[in-house]
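Observations on the model geometry
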Number of protein chains: 2
Amino acid sequence: MCDSYLEGEINMTPIVSYEHREERKLLILQAAKEVFINKGFNATTIQDIINHSGVSRGGVYTYFQNTEDIFIELLKRRDLKDALDLESLYHDGATSLQVLTLVLAQIEEAIEGQKDSLVPVIYEYYFTTGWGTKKHLLMLEKRIEQAHKSLVQILEKGVADNEFRPELPIEDIASTILTFSDGIYVNSFHLGPEKVKLKSQFAAFRHYLSSVLGV
Amino acid sequence: MCDSYLEGEINMTPIVSYEHREERKLLILQAAKEVFINKGFNATTIQDIINHSGVSRGGVYTYFQNTEDIFIELLKRRDLKDALDLESLYHDGATSLQVLTLVLAQIEEAIEGQKDSLVPVIYEYYFTTGWGTKKHLLMLEKRIEQAHKSLVQILEKGVADNEFRPELPIEDIASTILTFSDGIYVNSFHLGPEKVKLKSQFAAFRHYLSSVLGV
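Residues numbered from 1 in each chain as written. Chains lettered and ligands numbered in written order. Predicted model: local features only at pLDDT ≥ 70, side-chain atom pairs only at ≥ 80, totals over all residues. Heavy atoms only, no water.

1. A short note on the overall build of chain A
Looking only at helices and strands, chain A features twelve helices and zero strands. Computed over the C-alpha atoms, the radius of gyration of chain A is 22 Å, more than 25% above the 17 Å expected from 2.2 N^0.38 for a compact globule of 215 residues. By its C-alpha atoms, chain A is 65 × 50 × 35 Å across when sized along the principal axes. Of all 215 residues assigned to chain A, the portion counted as buried reaches 44%. The contacts of chain A with a sequence gap of at least 6 include a subset with a gap of at least 24, amounting to 70%. With an accessible surface of roughly 11600 Å², chain A has 54% of that area assigned to carbon and sulfur atoms. (Helix = DSSP H or I, 4+ residues; strand = E, 2+ residues; numbered from the N terminus. Rg over C-alpha atoms; globule rule 2.2 N^0.38 Å. Buried < 20%, exposed > 50% of the residue type's maximum accessible area, 1.4 Å probe, protein only. Contact = heavy atoms within 4.5 Å. Areas by Shrake-Rupley, 256 points an atom, 1.4 Å probe, with all protein chains shown as cover.)

2. Here's the deal with the relation of the copies chain A and chain B
When chain A is fitted onto chain B, the two copies agree to an RMSD of 0.0 Å after a turn of 180° and an axial shift of 0.0 Å. Look at the turn and shift together and you get a two-fold axis relating the two. For chain A, the residue whose C-alpha comes nearest the rotation axis is Gly 183 of chain A, separated from it by 1.7 Å. When you check the interface residues of chain A against chain B, 100% turn up at the interface there too, and the contact is symmetric in its surfaces. (Least-squares fit on C-alpha atoms with pLDDT ≥ 70 in both.)

3. Looking at the side chain of His 148 of chain A
Along the chain, the position of His 148 of chain A falls in helix α10 (residues 137-160). In this structure His 148 of chain A comes out as buried when scored by relative accessible area, which is 15%. Polar contacts involving the side chain of His 148 of chain A include one to the side chain of Ser 175 of chain A, which spans 3.2 Å. Setting aside chain neighbours within four positions, we find His 148 of chain A in contact with Glu 171, Ala 174, Ser 175 and Leu 178 of chain A together with Lys 197 of chain B. (Polar contact = N/O pair within 3.5 Å; in protein donor to acceptor, adjacent residues only side chain to side chain.)

4. Looking at the interface of chain A and chain B
You'll often see interface size given as the accessible area lost when the parts meet. Taken together, the contact pairs 40 residues of chain A with 40 residues of chain B. Carbon and sulfur atoms make up 69% of the area that chain A and chain B hide from each other, which totals about 3700 Å². Looking only at chain A, the three residues that lose the most surface to chain B are Phe 127, His 190 and Tyr 208 of chain A, adding up to 21% of its buried area. Where chain A meets chain B, there are two salt bridges. The salt bridge involving Lys 195 of chain B is made with Glu 141 of chain A; its shortest N-O contact spans 3.3 Å. (Buried area = accessible area lost by both parts, 1.4 Å probe. Salt bridge = Lys/Arg side-chain N within 4 Å of Asp/Glu carboxyl O.)

5. Section: the pattern of salt bridges
Taken as a whole and assessed by the stated rule, the structure comprises 18 salt bridges over all chains. One salt bridge connects Lys 135 of chain B with Glu 68 of chain B, and the closest N-O pair in it is separated by 3.9 Å. Separated by 67 residues along the polypeptide, Lys 135 of chain B in the loop between α9 (129-133) and α10 (137-160) and Glu 68 of chain B in helix α5 (residues 67-82) bring together distant segments of the chain. The exposure class of Lys 135 of chain B is partly exposed, given its relative accessible area of 44%. Of the charged contacts in the structure, one is a salt bridge between Lys 157 of chain B and Asp 161 of chain B, with a shortest N-O distance of 2.9 Å. Linked by salt bridges that have partners in common, Glu 108, Glu 112, Lys 199 and Arg 206 of chain A make up one network.

6. Looking at the packing of aromatic side chains
Residues and elements named next belong to chain B. Counted by the stated rule, this structure contains 31 aromatic pairs over all chains. The interplanar angle of 50° and the centroid separation of 5.1 Å between the aromatic rings of Phe 71 and Tyr 125 together place this pair among those described as tilted. Of this pair, Phe 71 sits in helix α5 while Tyr 125 sits in helix α8 (residues 119-127), and the two are 54 residues apart along the sequence. In this structure Phe 71 comes out as buried when scored by relative accessible area, which is 0%. (Phe/Tyr/Trp six-rings, centres within 6.5 Å; stacked < 30°, edge-to-face > 60°.)

Structure (structure tokens):
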């Protein structure tokens, strides 16, 4: 009874469609992203985001409590976009070696391009505010788990199809792929892809994988 | 003649011995390190360091212009301490495989221990102030070059002694060792050594190296 009373209350508030809410959120998030890239995470205030988005203070606070909330929401949406789509990678009968090679090439390309200017801001957040609040950790773990799971699936399929004869547990092989990618990502971020010799390092790592997978 | 006149001038200023200067610097640096660990890089002011070190304002400004100067000096001294001492590693006739294994074990141990509480502050600096001023970049490059050079020397000696028969250029093998170490360092820093499965990842990486070095 209490529940239905509350439901009644909620139903009396103006109905704002999901699409409209999502649109407003996107407007705020897009403006926030631009401000974050310009000023960095810690120097950005809610007022900056209000000014840049053109959404009222009340409007912004309807969806977010503070700049960290907004930033975390930006990160969540990035992760969804970045997830590997295995089904499309295996389209028209690619082998697991081809898929694995393609995934590595995509990582190499993403590092070489370094187009995403939010990355320095993400690192700034990780090592300042996030280091204290730990609000991003669960998401970071999920992102790593998800990528790890996709790599394990590729390796498992390769084993099932008799393409790979791994000399080590495939979970460990998948972990080293992520570790290598993160290492070259961070170093390339600071020193640039040429100084870290991106191409020859990826070639060497592909050699390690071919060898441990027996291909 | 002009030179000797200047020399005369310098000799007339009070003589402060190198040891005394070094002692004062160390006092400031040690105090600064404690403040940085407590407050983070950006929140620390020169006044904090003056208060905590007990050295006068004039005294601190004799050696350093600002907190970034002090921080960079701390980093420089860390690097000197961290450099690999190949001569002592090869003492009483160790093989190159033993030395390489020892170096990897030391890296693994350092990551597992994570005792150095200045590390979060270093990352904070890299991705905020340092990201703007780039004052640390030359030092970071030198540190990587130095570590790379030491690894190449170990691999070269192993080849000369017929221990290693590398399937790839040893420069590239050395680079991947650094990349892997940095990747696992960063991930372990955020998620802890257990979640990143430090031990099995290092085991896998040693396997890759054995294979590419033909041992």
